[in-house]
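Close look at the chain arrangement
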Amino acid sequence: MERPAAPAAHEAAETRLTITSPDRMRELGRRLATLLRAGDLVMLSGELGAGKTTLTRGLGEGLGVRGAVTSPTFVIARVHPSLGAGPPLVHVDAYRLGGGLDEMEDLDLDVSLSDSVIVVEWGEGKVEELTDDRLQVVIHRAVGDTTDEVRHVTLTGLGERWAGAGLESLTD
């Protein structure tokens, strides 16, 4: 008797949203923060000006961390300690990092992945080896000479951590 094929270990959980303003992107970050916990890796992708840092600013507000969340482009990484009992936020801009995980390890962050929420802008192809469980956020915007503030956001939860994590609640 032939055995049935085993189901995929953990299929990706995906949610798509349309965001109409920077304020709504920030609000998405605040709402997403309620689903995050220590040990989470969030990878942000999108064109320049798509709203990656605006989303992260909302995450910082939702997590209740210290300090203004601004783009870490020139310092590569910023650690925002929690003002309460939640995890710190580590905000990384990997745009200028050419290598993969080795360069990330060279950052010598003073907190570990298991204790923090790590948000990496431009992390594709650079940080996936940190964990099998991660949230990929892709932000699409109109490119060219436009004042269009509409963004199309796709959140894809990969791994066991994101199975049933409630990403669909963000569409309410």
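Report on the accompanying structure. Counting restarts for each chain, with residues numbered from 1 along the sequence as it is written. A pLDDT threshold of at least 70 governs which residues receive local features in this predicted model, and a stricter bar of 80 or more applies before side-chain atom pairs are shown or counted, although totals over entire chains, interfaces and linings include all residues. With hydrogens and water excluded, all non-hydrogen atoms of the structure serve as input to the side-chain values.

1. A closer look at the environment of arginine 141
The helix and strand labels rest on DSSP assignments: H or I over at least four residues marks a helix, E over at least two residues marks a strand, and numbering proceeds from the N terminus. Examined against the element boundaries, arginine 141 turns out to sit in strand β6 (residues 134-141). Take arginine 141: its relative accessible area is 25%, and that puts it in the partly exposed class. Arginine 141 sits 93 residues away from leucine 48 along the chain, and the two C-alpha atoms are 9.4 Å apart. Contacts between residues were defined by any pair of non-hydrogen atoms, one from each residue, lying within 4.5 Å. Not counting residues up to four positions away in its chain, the partners in contact with arginine 141 are Glu47, Leu48, Gly49, Ala50, Val150 and Arg151. Among the polar contacts made by the side chain of arginine 141, one reaches the main-chain carbonyl oxygen of leucine 48 at a distance of 2.7 Å. The classification of residues rests on relative accessible area computed with a 1.4 Å probe and restricted to protein chains. Under 20% of the type maximum is buried, over 50% is exposed, and intermediate values are partly exposed. Counted as a polar contact is a pair of N or O atoms within 3.5 Å, where, for protein atoms, one must be capable of donating a hydrogen and the other of accepting one, and residues adjacent in sequence contribute only when both atoms are in side chains.

2. Considering the pattern of salt bridges
Once their charged atoms are close, side chains differing in charge can pair, the charge on each being opposite to the other. Every case where a carboxyl oxygen of Asp or Glu lies within 4 Å of a side-chain nitrogen of Lys or Arg is listed as a salt bridge. Applying the stated rule across the entire model yields 5 salt bridges. Its salt-bridge partner being arginine 26, residue glutamate 61 comes within 2.2 Å of it at the nearest N-O pair. Here arginine 26 lies in helix α1 (residues 22-33) and glutamate 61 lies in helix α2 (residues 52-63), a separation of 35 residues in the sequence. Judged by its relative accessible area of 33%, glutamate 61 falls in the partly exposed class. Taking the shortest distance from any N to any O, the salt bridge between glutamate 61 and arginine 30 comes out at 2.5 Å. Of this pair, glutamate 61 sits in helix α2 while arginine 30 sits in helix α1, and the two are 31 residues apart along the sequence. Salt bridges linked by common partners bring Arg26, Glu27, Arg30 and Glu61 together as one network.

Purely spatial values, then, with no claim about function.
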